[in-house]
Amino acid sequence: MPAASIRYRITHRTHYRYSDSVAVCQNQLRMQPSTRPGVTCHHSGITISPEPKTVTEHTDYFGNCVYSFAIETLHKELTAVATSEVTIDPPSLASVSDAISWNTIVGEPGQIRLSRSGRYVDEFCFDSPRVQKDTKYADYARISFSEGRGIVEATLDLTKRIHHDFRYDTCATQVNTPTADAFALRAGVCQDFAHIQIACLRSIGLPARYVSGYLRTIPPPGEVRKIGADESHAWISVYCGSDLDWIDFDPTNACQCTTDHIPICIGRDYGDVSPMRGVILGGGQTALKVSVDVEPIQGTG
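Residues numbered from 1 in each chain as written. Predicted model: local features only at pLDDT ≥ 70, side-chain atom pairs only at ≥ 80, totals over all residues. Heavy atoms only, no water.

As recorded in an unreviewed UniProt entry, the chain goes by Transglutaminase family protein and comes from Novipirellula rosea.

As structure tokens, then:
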């Protein structure tokens, strides 16, 4: 029986509390999903408290929804709540033996390829602000990418090796830790694991991109699902040729992504997709609380 699509209701709540009043804040949010291959966004919206003076919305270069707002009244708390409903289709779990060799996917200078979404593929072969190619990454990748090995098999092998070789440690890195430092530490979080795998793939000539989103968590048998206990997450997507297009892999969990992975934004690295960024005037000390709830509301298939 084929795997079923799953419809989710998602609530992402971000709350800032400041020790001093903030006079002005300007922020951009990337918390809303877009309809893409494998993802249907039925609706999404954002509410801000206190009420912003100005709000604008646009789609960025990578097809991500961007919500910008400015508040120009004194405030000591800020709450942003993003709500969405999306349907996630099961990925095409192509037979490992049917996938083409990774060598045939390596881009050539000046080559122009388009994915099924009509966007350029080969721009994801280049360096980006958070991910720079290097021989150390290529050497690590080539243990998995032997000559002629299938792209899916090789990428899954690399995914599992990163999971095995690198320690998941929330205290080892920070949001701005360079990829090279996380690689040297052999430790980090999902953001670091994704950057490391992208660096490995690009360093051997393969297009790879960063995906931010959510990971549905399954409660243990006999326990109810805890509201707000789901997670923001990050993984990678590698171009697997015109027949398979982009396929997502999760190095933090050593797997190919499934309907439990809900993509929100795509970019070259974390810098393109950070959920909330901006500037404030005032504020003093800041306390941040984030909760994410991913609720399955319908399975189809």
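1. A short note on the overall build of the chain
Here is the rule we go by: In DSSP terms, a helix is any run of H or I states spanning at least four residues, a strand is any run of E spanning at least two, and both are numbered starting from the N terminus. For this measure, only C-alpha atoms enter the radius of gyration; the expected value for a globule follows 2.2 Å times N^0.38, where N is the number of residues. Per-residue accessibility, obtained with a 1.4 Å probe over protein chains only, is compared with the maximum for each type, and a residue is labelled buried under 20%, exposed over 50%, and partly exposed between these values. For the accessible areas, the method is Shrake-Rupley and the probe is 1.4 Å, while residue cover comes only from the protein chains on display. Only four residue types enter the tally: Lys and Arg on the positive side, Asp and Glu on the negative side, with His and both chain ends excluded. For the purpose of locating charges, the reference atoms are NZ of Lys, CZ of Arg, CG of Asp and CD of Glu.
Summing up its helical and strand segments, the chain has four helices and 14 strands in all. Computed over the C-alpha atoms, the radius of gyration of the chain is 20 Å, within 12% of the 19 Å expected from 2.2 N^0.38 for a compact globule of 301 residues. Here the chain holds 301 residues, and the buried ones make up 49% of them. Split by element, the accessible area of the chain, about 14300 Å² in all, is 52% carbon and sulfur. Once the 28 positive and 34 negative side-chain charges of the chain are each reduced to a mean point, those two points are 3 Å apart.

2. A short note on the packing of aromatic side chains
For any pair of aromatic rings, the description consists of the separation of the ring centres together with the inter-plane angle of the planes. Stated formally: Aromatic pairs are defined between Phe, Tyr and Trp rings, using the six-membered ring for Trp, whenever the two ring centres lie within 6.5 Å; interplanar angles under 30 degrees are classed as stacked, those over 60 as edge-to-face, and all others as tilted. A ring is scored as having a charge over it whenever the NZ atom of a lysine or the CZ atom of an arginine sits within 6 Å of its centre and within 35 degrees of its normal.
Taken as a whole and assessed by the stated rule, the structure comprises 14 aromatic pairs. With a centroid separation of 5.1 Å and 85° between ring planes, the pair formed by Y61 and F62 is classed as edge-to-face. Each ring, one from Y137 and one from F183, has its centre 5.0 Å from the other, and the planes form 75°; the classification is edge-to-face. You can see Y137 sitting in helix α1 (residues 135-141) and its partner F183 sitting in helix α3 (residues 179-185), a full 46 residues away along the chain. For the pair shown, Y137 and F183 are each scored as buried. Clustering of aromatic rings is evident, with ring pairs tying together Y137, Y140, F166, Y168, F183 and F193. Above the plane of the ring of W246 lies R209, whose end atom (NZ or CZ) is 4.1 Å from the centre.

3. Here we look at the pairing of strand β5 (residues 75-88)
Selection rule: By definition, two strands form a pair when at least two bridges between them are found by DSSP.
Within β5, 11 of the 14 residues are buried, which leaves it mostly tucked inside the rest of the structure. Two strands pair when backbone bridges link them, and strand β2 (residues 39-49) and β5 are joined in this way by 10 bridges, in the antiparallel orientation. Looking across to β5, one finds that T40 is bridged to T87.

4. Regarding unusual backbone geometry
In the segment running from S49 into P50, the intervening peptide bond is cis, with an omega of 0°. Mapped onto the elements, P50 comes out in the loop between β2 and β3 (54-59). Residue D245 is not a glycine yet carries a positive backbone phi of 60°. Along the chain, the position of D245 falls in the loop between β9 (231-239) and β10 (246-250). Positive phi outside glycine occurs at A254, with the angle close to 55°. For A254, the position within the fold is in the loop between β10 and β11 (255-256).

5. Quick word on helix α4 (residues 190-203)
The criterion, for reference: In this scheme, a helix's expected span is set at 1.5 Å multiplied by one less than its residue total.
Given a rise of 1.5 Å per residue, 14 residues ought to cover 20 Å, and the 20 Å separating the end C-alpha atoms of α4 matches this to within 8%. In terms of burial, α4 is a largely internal element, 14 of the 14 residues being buried. Phi turns positive, to about 95°, at G205, one or two residues after α4.

6. Remarks on the packing of helix α2 (residues 151-165) against α4
Angle between the axes and distance between the axes: these two values describe a pair of packed helices. Short version of the rule: Think of each axis as a best-fit line through the C-alpha atoms, taken over the contacting stretch in the case of a helix, with angles from 0 to 180 degrees between the N-to-C directions. Throughout this description, any angle smaller than 35 degrees is read as roughly parallel, any larger than 145 degrees as roughly antiparallel, any in the 65 to 115 degree range as roughly perpendicular, and the remainder as oblique. Crossings are assigned a handedness: left-handed for a near helix turned anticlockwise from the far helix by less than a right angle, right-handed for a clockwise turn. What makes two residues a contact is simply this: any of their non-hydrogen atoms within 4.5 Å. Residues are grouped as follows: nonpolar covers Ala, Val, Leu, Ile, Met, Phe, Trp, Tyr, Cys and Pro; charged covers Asp, Glu, Lys and Arg; every other residue, Gly included, is treated as polar.
Relative to each other, α2 and α4 sit at 140°, their axes nearing to 11 Å. Here α4 runs oblique to α2, going by the angle between their axes. In the packing of α2 onto α4, the handedness of the crossing is right-handed. Contacts between α2 and α4 involve T155, L158, T159 and I162 from the former and F193, I196, Q197, C200 and L201 from the latter. Residues of the contact of α2 with α4, tallied by class, amount to six nonpolar, three polar and no charged.

7. Digging into the environment of V292
Tracing the chain through its elements places V292 in strand β14 (residues 286-300). What makes V292 buried here is its relative accessible area of 3%.

8. Quick word on the sheet that holds strand β12 (residues 261-267)
Remark on secondary structure: sheet strands pair via backbone hydrogen bonds, oriented parallel or antiparallel. What the five strands build is an open sheet, ordered β11-β10-β9-β8-β12; its pairing is antiparallel. For this open sheet the edge positions go to β11 and β12, each flanked by a neighbour on one side alone. Examined bridge by bridge, strand β8 (residues 208-215) and β9 share eight bridges and lie antiparallel to one another. Each bridged residue has a counterpart across the sheet, and for R209 the counterpart in β9 is S237.

9. Brief notes about the side chain of N27
Locating N27 in the fold gives a position in strand β1 (residues 5-29). Its relative accessible area of 10% is what places N27 among the buried residues. The contacts of N27, once residues within four sequence positions are left out, are Y67, S68, F69, L78, M276, R277, G278 and V279.

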